[in-house]
Amino acid sequence: MTRMKDFNAPTNMSRRRFGQMLGLTGAIAMLPWKVEAQGGVQTLVFALPGLVGNFEPHTWVGFGDTVHVMDTVARGLTHMDFANPLPRPAIAESWTVSEDGTVYDFTIRDGLTFHDGTPIDAPAVLRTFQRMKDEDDPTRPELSFALDNLGGPNVDGFEAPDARTFRINLLQPDAAILGRLSRPDMVIISPTALEAHGKEIGLNFVSCGPYRISSVTPNERVVLEAFDGFYKGTPEIQRVVMQVIPEAVAQMTALAASDLNVTNLIPHSNVDRLEAMEGIRIEESAAFISAMLAMNCEAGPLADIRVRRAINLGIDREAVVREAFFGKAEVPGYITPAAEQGYAPEHQRHSEYDPDAARALLEEAGAMGAELSLISENSGFWPRLGQVVERSLNDLGLVVTTEYLDGGTFNGRLFDKTAHELAFLQRSAFFPDPDGRFSPLFQTGTAGADQITAQSGLPEQAQLDAMIIAANAEGDPERRTQLYVELNNFMADEMMPVAAVVNTFLPVAVTADLEGVNANALGTYRTFLEDARYAA
Amino acid sequence: MANSFAAPPKPVAATRRGRLGPADVLRLVPWVIATGFVLAALLAPLIAPYDPIENVGMPMMPLFTDGHVLGTDGFGRDQLSRLLYGLRPMLVVSLGSVVLALVVGGIYGLVSGVSGWRIDWVMMRAVDIVMSFPLILAAILVLAALGASLVNLTLAVAVSQLPIFARLARALASGEAARDYAMAARAAGFAPIRIMVREVAPNIIRPLLVQATSVVAVAALTAAALSYLGLGVRPPAPDLGYMVKEGQELIFIAPEQALLPGLVIAIFALAVSFCGDQLGDDRAVGMAP
């Protein structure tokens, strides 16, 4: 008589099975991560957090597709190299601005081509920008946000008066327009590829960046080959492999084994350790990434500015830097970080830690013991940050409960003023211009002002809106800086819809034989690898 | 042809009256460990040296630091205190979910097994649907719908374990319902509910309890996995699965941050699994002709 397996029998983990599972898990965890042999071609391996394989520039796919790959295979009219405060020429070799600051004429470089050989001229550039503006364009993706990032309703139109001149007409001056044109969603698309693939251009993307796409394996890797027609010359490293390695531990293991050359995804906690390892170099960059605590100005006790001020005074930012970022961050001033135009040392008073003053304000407002909820993302540095901030606020006498949510749920509640009270907010700099932190976040009509902080209803908002518009329109750099200094002070002193919590950067780890990696850009997600080279 | 039956395990036997042999002592080890964990969790407020959510030292103090025998975590919280308190949610979830799954799944299976083929068929197909989801995915779905909390985590793990008990109870109940004593009760005109409760249920409860012991280990691992994914107890409250996650990024700097809670989970799951195996073995011996 043989015993038949009873498939209806309940599952029961035997000791042997348990041991096997434990052993297998350990073996997988310890497997060295390997990239395939590169056949003697000089290759750089870069870690991606994810890869969909859709390089549609006018909609958001993810940091892997929309920023890291896009920056490496595409380029726009201008280029922000993060070494200079102002954008540099890229596909446009020069530009002129009309006296009233509303008309920009860009001269397109002569003799350039896209990766598919199509010449780059003004009509080709115009085709890309028309796709942003024309809602009936058959090649346009359903969720196209590119025009909003260029200034939205302020953009009057585009023209190509001749073969080498591309023109942007604005309704009112925008001093940040050159910076906006350096964003990864402002890259120029080959019109030939656009006509051939229409809405599926993201799956067959052709532009004019330093590398061209050789092969794409979604969720795994994209292989890029150096483009010899790039406006700055052919990159020295012939091949870039952008490999999906989402786990920080796997990245560090790969880095130690030289299977990975560049990553900006390692945790702050590991910077010192990696720096001490032979063959690895850590490049720290300017702190362009800001973490803020948004306070819903319509939610219960937060409607009282004294409570918002108390919260701002009660955050122990030194503890945040020490415990959540292991010292790899800085105490901010207010909205504008020290690395950007518009910062002044006097802003540091807006981030002072004074729990006694905070408690006094809470007593005065009758909010001692008030219950508040805080929403935070549940990945990256956010849970650590959440724990320190929650502790700080509870030490004041508030009762703060933090909910750690996945990205989708978090964003759903963040953009709904009825679904949150306190919320964390991140702002990085795709181009370091002070307007990037004001008009998209704190101007009436934006999701930031209307939903995240709900500050649009405050009596001071009209003045803030006017100040934002005036600062962005100011052409004189010194005067513009001063206007942003005042803007920071006004918002902190009169409104306090957000508390600046910390400014940080993404630590960039590279193998020691690699030079020329743009760490400042990588520290705020931008990925410019064309100047990278291996030491002789 | 080789007989595929495994030899029945030897019964526990004292070498002499009142004395235990080495094999018996070895069999006691998992019970001692599991009981130790339960006691440690219960007595955590008394034996933990510090408040588990308070910063009491510098971040990441190493093992055997004066005053912090297991060091401190990345925030400066005492690691031993967090481990002791972290046992509590793991035990609550693993034991609570198994009890819940045992009660609900047991009743469900009992009704299905005794009720006959049409109701039985419908009820078991419903179980099939739940079972078609991987256990962890079923639990994640429940937590996604209800939100992350200790109660919901217990519920989620219970849902993932429920089909196991439903199937076992149904198999046992249908077997018992066909036996003479049940048939006699039916012939005597007893109501089906009475037959279920008074006749069949007492005869299936023991194997269900044995199964429950075995499943506690799986429930503990499922609970730890869900906490690791951030679907368990909210930080800063200590939770072993989340402590593994927090410690993971420090694996090259302070490996004990992830290894210690991981080890506690593994030892507890192993101990409970061994206990379950022993009960299963004892039951097999008891059932041997």
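Rules of the game
Residues numbered from 1 in each chain as written. Chains lettered and ligands numbered in written order. Predicted model: local features only at pLDDT ≥ 70, side-chain atom pairs only at ≥ 80, totals over all residues. Heavy atoms only, no water. pLDDT = per-residue confidence, 0-100. Helix = DSSP H or I, 4+ residues; strand = E, 2+ residues; numbered from the N terminus. Contact = heavy atoms within 4.5 Å. Pairing = 2+ DSSP bridges. Axes fitted to C-alpha atoms, helices over the stretch in contact; angles between N-to-C directions. Parallel < 35°, antiparallel > 145°, perpendicular 65-115°, else oblique. Left-handed = near helix turned anticlockwise from the far one by under 90°. Phe/Tyr/Trp six-rings, centres within 6.5 Å; stacked < 30°, edge-to-face > 60°. Buried < 20%, exposed > 50% of the residue type's maximum accessible area, 1.4 Å probe, protein only. Lys NZ or Arg CZ within 6 Å of the ring centre and 35° of its normal. Domains from an automatic or database assignment. Buried area = accessible area lost by both parts, 1.4 Å probe. Salt bridge = Lys/Arg side-chain N within 4 Å of Asp/Glu carboxyl O.

J.: Break down the confidence of the model for chain B for me, citing the residues and quoting the values.
T.: Residue and element names in this part refer to chain B. Residues with a pLDDT of 70 or more make up 91% of chain B, whose mean pLDDT is 86. Averaged pLDDT values over the elements of chain B bottom out at 83 in helix 5 (residues 135-146) and peak at 96 in helix 2 (residues 44-47). Taken as a whole, residues 1-9 scores under 50 in pLDDT and shows nine contacts with residues more than four places along the chain or in a different chain. Confidence drops under pLDDT 50 across residues 11-15; counting only partners more than four residues distant or on other chains, this segment forms nine contacts. ipTM for the predicted complex: 0.70, alongside a pTM of 0.79.

J.: So what's going on with unusual backbone geometry? Which residues, and what values?
T.: Between Pro235 of chain B and the following residue, Pro236 of chain B, the backbone shows a cis peptide bond with an omega angle of 15 degrees. Along the chain, Pro236 of chain B turns up in the loop between helix 8 (192-228) and helix 9 (240-248). A positive phi is found at Phe82 of chain A, a non-glycine position, where the angle reads about 65 degrees. Even without being a glycine, Ser258 of chain A presents a positive backbone phi close to 60 degrees. Take Ser258 of chain A: it is sitting in the loop between helix 7 (248-256) and strand 11 (262-263).

J.: So what's going on with the sheet that holds strand 15 (residues 371-377) of chain A? Which residues, and what values?
T.: Residues and elements named next belong to chain A. Strands sit in the order 14-18-13-17-15-16 across an open sheet of six strands; the sheet is mixed. Each edge of the open sheet carries a strand with a single partner, namely strand 14 (329-330) and strand 16 (399-405). The sheet contact formed by strand 15 and strand 17 (residues 422-427) spans two bridges and is parallel. The residue of strand 17 that forms the bridge with Leu374 is Leu422. Taken strand by strand, helix 12 (residues 382-396) contacts strand 13 (289-295), strand 15, strand 16, strand 17 and strand 18 (498-504), and its axis lies near 170 degrees from that of strand 16.

J.: Talk me through the pairing of strand 8 (residues 211-217) of chain A; I want residue IDs and the actual numbers.
T.: Two faces make up the sheet, and in a regular strand the side chains alternate between them. Residues and elements named next belong to chain A. Summarising the sheet, strand 8 and strand 9 (residues 221-226) pair through six bridges and their orientation is antiparallel. Opposite Ser215, over in strand 9, you have Val223 as the bridge partner. Connecting the antiparallel pair strand 8 and strand 9 is a turn made up of three residues, with Asn219 showing a positive phi of about 65 degrees.

J.: I'd like a rundown of the packing of helix 1 (residues 22-42) of chain B against helix 3 (residues 79-115) of chain B, residues and numbers included.
T.: All names here are of chain B. For the pair helix 1 and helix 3, the least separation of the axes is 8 Å and the interaxial angle reads 110 degrees. As the angle between them shows, helix 1 and helix 3 are arranged roughly perpendicular. Considering only the axes of helix 1 and helix 3, their crossing is left-handed. Residues Phe37, Val38, Ala40, Ala41 and Leu42 of helix 1 form the contact with helix 3, whose own contacting residues are Leu84, Leu87, Arg88 and Leu91.

J.: Residue-level account of the packing of aromatic side chains, with values.
T.: Tallied over the entire structure, the rule returns 16 aromatic pairs over all chains. Where Phe129 of chain A meets Phe158 of chain A, the ring centres are 5.2 Å apart and the plane angle is 50 degrees; that geometry is what we call tilted. Pair noted here: Phe129 of chain A is in helix 3 (residues 122-133) and Phe158 of chain A is in strand 6 (residues 155-162), with a separation of 29 residues, a long-range link. Classification of Phe129 of chain A by relative accessible area gives buried; the value is 0%. Taken together, the aromatic side chains of Trp95, Tyr104, Phe106, Phe129, Phe158 and Phe166 of chain A make up a single cluster linked through ring pairs. The positively charged end of Arg526 of chain A is found above the aromatic ring belonging to Phe430 of chain A, 5.9 Å away from the centroid. Sitting over the face of the ring of Phe190 of chain B, Arg194 of chain B holds its NZ or CZ atom 4.0 Å from the ring centroid.

J.: Please give an account of the confidence of the model for chain A that cites residues and values.
T.: Residues and elements named next belong to chain A. Chain-level pLDDT for chain A is 90 on average; 93% of the residues reach the 70-or-more range. Across residues 1-13 the pLDDT falls below 50, and counting only partners more than four positions away or on other chains, this stretch makes 20 contacts in the model. Under a pLDDT of 50 for its full length, residues 25-38 has, in the predicted model, twelve contacts with residues more than four places off or in other chains.

J.: So what about the environment of Phe75 of chain B? Which residues, and what values?
T.: By the secondary structure assignment, Phe75 of chain B is in the loop between helix 2 and helix 3. Residue Phe75 of chain B is classed as buried on the basis of its relative accessible area of 1%. Linking Phe75 of chain B and Ser214 of chain B, residues 139 residues apart in sequence, is a C-alpha distance of 36 Å. Once residues lying within four places of it in the same chain are set aside, the contact partners of Phe75 of chain B are Glu323, Arg384, Gln387 and Val388 of chain A together with Asn55, Gly57, Pro59 and Glu246 of chain B.

J.: Kindly report on the domain arrangement of chain A, identifying the contributing residues and their values.
T.: Residues and elements named next belong to chain A. Looking at the assigned domains, one finds that chain A contains domain 1 (4-73 + 211-286 + 506-534), domain 2 (78-200) and domain 3 (289-504). The C-alpha centroid of domain 3 is placed 32 Å from the C-alpha centroid of domain 1. Contacts between the two partners involve 14 residues from domain 1, matched on the other side by eleven residues from domain 3. Carbon and sulfur atoms make up 62% of the surface buried where domain 1 meets domain 3, a total of about 1000 Å² over both sides. For the domain 1 face of the interface with domain 3, the top three residues by lost area are His268, Thr524 and Tyr525, together amounting to 46%. For the pair domain 1 and domain 3, the interface holds two salt bridges.

J.: Describe the side chain of Ser373 of chain A, with residues and values.
T.: Residues and elements named next belong to chain A. Inspection of the secondary structure puts Ser373 in strand 15. Overall, Ser373 belongs to the buried group, its relative accessible area being 18%. With near-sequence residues (within four places) excluded, Ser373 lies in contact with Thr401, Glu421 and Leu422.

J.: Summarise the pattern of salt bridges; cite the residues concerned and give the values.
T.: Applying the stated criterion to the full structure yields 36 salt bridges over all chains. Residue Asp356 of chain A pairs with Arg359 of chain A through a salt bridge whose shortest N-O separation is 3.2 Å. Highlighted residues: Asp356 of chain A and Arg359 of chain A, both in helix 11 (residues 355-365), separated by three residues, approximately one helical turn. With relative accessibility at 57%, the residue Asp356 of chain A sits in the exposed group. Across the pair Asp128 of chain B and Arg167 of chain B runs a salt bridge whose closest N-O atoms are separated by 2.2 Å. Residue Asp128 of chain B is found in helix 4 (residues 117-131), and its partner Arg167 of chain B is found in helix 6 (residues 150-177); the two are separated by 39 residues along the sequence. The buried category is assigned to Arg167 of chain B, whose relative accessible area is 10%. Through salt bridges with shared partners, a single ionic network connects Arg75, Lys232, Glu530 and Asp531 of chain A.

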